[in-house]
Amino acid sequence: MTLESDIDDLWHRYDDGLTAADADAAVRRTLDEFLDALEAGDVRAARKTGDGVDSWEATEWVKRGVLLNFGLRETERREYGGVGYYDVLPLRETDDLEARGARNTPDGTVLRRGAHLGDDTIMMSPSFVNIAAYVGDGTLVDSCDTVGSCAQLGEDVKLGANTLIGGVLEPVEDAPVIIEDGVSLGAGCRVTSGFRVGENSIVGENTLLTPRIPVYDLVEEEVVYGHLPENRRAFTRFVESSVSDHDLFEGGAYKPAVVATDVETETLEATRREDALRE
């Protein structure tokens with residue numbers, strides 16, 4: 001049997017009433033093997049099925065495996081660094097990071113069990129990477145950043161300080177937040193609700209990317225929702241709201257939007273990280 005079939009079988013048993021109290025050693029072994037596979041990057045919560053950033057799809061059996069790790073485990077007291085806490089999952093072991101060339105600074109970099117951290121990655125404290133998140137090779141997770149459950153970050157991504165990458169667990173068919181290779185997100189950005197950012201795009205600080213906010217793509221001269229095409233420079237602007245003529249709004253009412261233009265060579269060069277970070 002494969003890990004996928006084991007998880008599917010366990011999901012059916014869970015759907016039929018299996019509880020955490022009923023989970024035996026074999027069940028826990030399957031759950032642990034699944035988390036190990038996530039940490040190694042052997043399985044991922046989403047996959048790209050075409051050429052465009054809008055072709056990402058959820059890997060449903062993987063998301064079911066994540067949910068099973070909550071549904072079939074008891075909350076218990078745990079300890080890390082002399083601090084007690086209560087959770088269904090322990091924190092991730094970091095013994096493999098040295099061989100990967102990855103770095104995480106002390107006092108506040110938290111990797112939850114089931115998170116993948118690629119080669120030559122850097123996590124600055126404080127920051128948090130949740131279960132089933134995939135952080136690709138050479139990516140920087142800066143101070144006060146959160147990478148939510150199942151989020152998929154590509155290679156050589158730069159997250160500015162105080163950036164939130166939202167998590168998407170349910171429904172299992174919904175793809176999580178996707179940040180493709182070479183993306184740079186400015187400080188204070190928020191990417192939520194399964195939004196997808198195309199490769200080599202650069203997003204200005206404090207920009208909110210979510211499917212409910214339109215992206216005005218000036219390159220293709222169209223308005224898109226739910227994704228930012230590749231090779232774009234994006235920033236927040238405000239457009240007139242449908243209630244702008246209401247008596248309560250003197251001077252008009254406005255709502256947020258995202259404007260996307262071509263990435264210029266100078267902009268790309270300005271966002272490159274210093275080589276000293278990798279020495």
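Residues numbered from 1 in each chain as written. Predicted model: local features only at pLDDT ≥ 70, side-chain atom pairs only at ≥ 80, totals over all residues. Heavy atoms only, no water.

Novice: Now, about the overall build of the chain: what can you tell me, with residues and values included?
Specialist: A count of helices and strands for the chain gives five helices and 26 strands. Taking 2.2 N^0.38 as the reference for a compact globule, 279 residues should give roughly 19 Å; the C-alpha atoms of the chain span a radius of gyration of 20 Å, in line with that estimate. If you line up the chain on its principal axes, its C-alpha atoms span 65 × 50 × 40 Å. Across the 279 residues of the chain, 47% fall into the buried class. Expressed as a percentage of contacts within the chain between residues at least 6 apart in sequence, the contacts between residues at least 24 apart total 42%. A total accessible area of about 13,900 Å² is found for the chain, and carbon and sulfur atoms account for 45% of it. Distance between charge centroids for the chain: 3 Å, based on 27 positive and 56 negative side chains. (Helix = DSSP H or I, 4+ residues; strand = E, 2+ residues; numbered from the N terminus. Rg over C-alpha atoms; globule rule 2.2 N^0.38 Å. Buried < 20%, exposed > 50% of the residue type's maximum accessible area, 1.4 Å probe, protein only. Contact = heavy atoms within 4.5 Å. Areas by Shrake-Rupley, 256 points an atom, 1.4 Å probe, with all protein chains shown as cover. Lys, Arg positive; Asp, Glu negative; His and termini not counted. Charge placed at Lys NZ, Arg CZ, Asp CG, Glu CD.)

Novice: Mind laying out the environment of V223, listing which residues take part and the relevant values?
Specialist: Within the secondary structure layout, V223 lies in strand β23 (residues 222-224). Distance in space between the C-alpha atoms of V223 and V258 is 9.6 Å, their sequence separation being 35 residues.

Novice: Quick one: what's the story with the sheet that holds strand β21 (residues 208-209), residue by residue and with numbers?
Specialist: If you trace the six strands from one edge of the open sheet to the other, you get β6-β9-β12-β15-β18-β21, paired in parallel fashion. Where the open sheet ends on each side, the last strands, each with one partner, are β6 (109-111) and β21. Of the strand pairs in this sheet, strand β9 (residues 127-129) and strand β12 (residues 145-147) are connected by three bridges, and their pairing is parallel. Within β12, the residue paired with F128 across the bridge is T146. (Pairing = 2+ DSSP bridges.)

Novice: Requested: an account of the sheet that holds strand β8 (residues 122-123), with residues and values cited.
Specialist: The strand order across the open sheet formed by 10 strands is β5-β8-β11-β14-β17-β20-β25-β26-β22-β23, and the pairing between neighbours is mixed. In this open sheet, the two edge strands, each paired with only one partner strand, are β5 (103-104) and β23. Across two bridges, β8 lies against strand β11 (residues 140-141) in parallel orientation. If you follow M123 over to β11, its bridge partner there is V141.

Novice: Talk me through the packing of aromatic side chains; I want residue IDs and the actual numbers.
Specialist: Centre-to-centre distance and the angle between the planes together describe a pair of aromatic rings. Applying the stated rule across the entire model yields two aromatic pairs. With a centroid separation of 5.9 Å and an interplanar angle of 45°, the aromatic rings of W11 and Y14 are classed as tilted. Of this pair, W11 and Y14 both sit in helix α1 (residues 3-15), separated by three residues, roughly a single helical turn. Using a relative accessible area of 30% as the deciding quantity, one classes Y14 as partly exposed. Here the aromatic rings of F34 and W61 are separated by 6.1 Å at their centres, their planes lie at 65°, and the arrangement is edge-to-face. In this pair, F34 sits in helix α2 (residues 25-40) while W61 sits in helix α3 (residues 60-71), placing the two residues 27 residues apart along the sequence. In this structure, R44 packs its charged tip against the face of Y134, placed 3.6 Å from the ring centre. (Phe/Tyr/Trp six-rings, centres within 6.5 Å; stacked < 30°, edge-to-face > 60°. Lys NZ or Arg CZ within 6 Å of the ring centre and 35° of its normal.)

Novice: Describe the environment of V215, with residues and values.
Specialist: With respect to the helices, strands and loops of the structure, V215 is situated in strand β22 (residues 215-217). Given a relative accessible area of 0%, V215 falls into the buried group. Leaving out residues up to four positions away in the same chain, V215 has contacts with F195, E222, V223, V224, H227, L228, V258 and A260.

Novice: Which residues make up the UniProt feature "domain: Tetrahydrodipicolinate-N-succinyltransferase chain A" (unreviewed entry) in the chain, and what values go with them?
Specialist: Under the present numbering, the feature "domain: Tetrahydrodipicolinate-N-succinyltransferase chain A" (unreviewed entry) in UniProt falls on residues 3-72. In residues 3-72, the share of helix is 59% and the share of strand is 9%. The end C-alpha atoms are 17 Å apart. (UniProt positions renumbered as here; feature names shortened; annotations may be inferred.)

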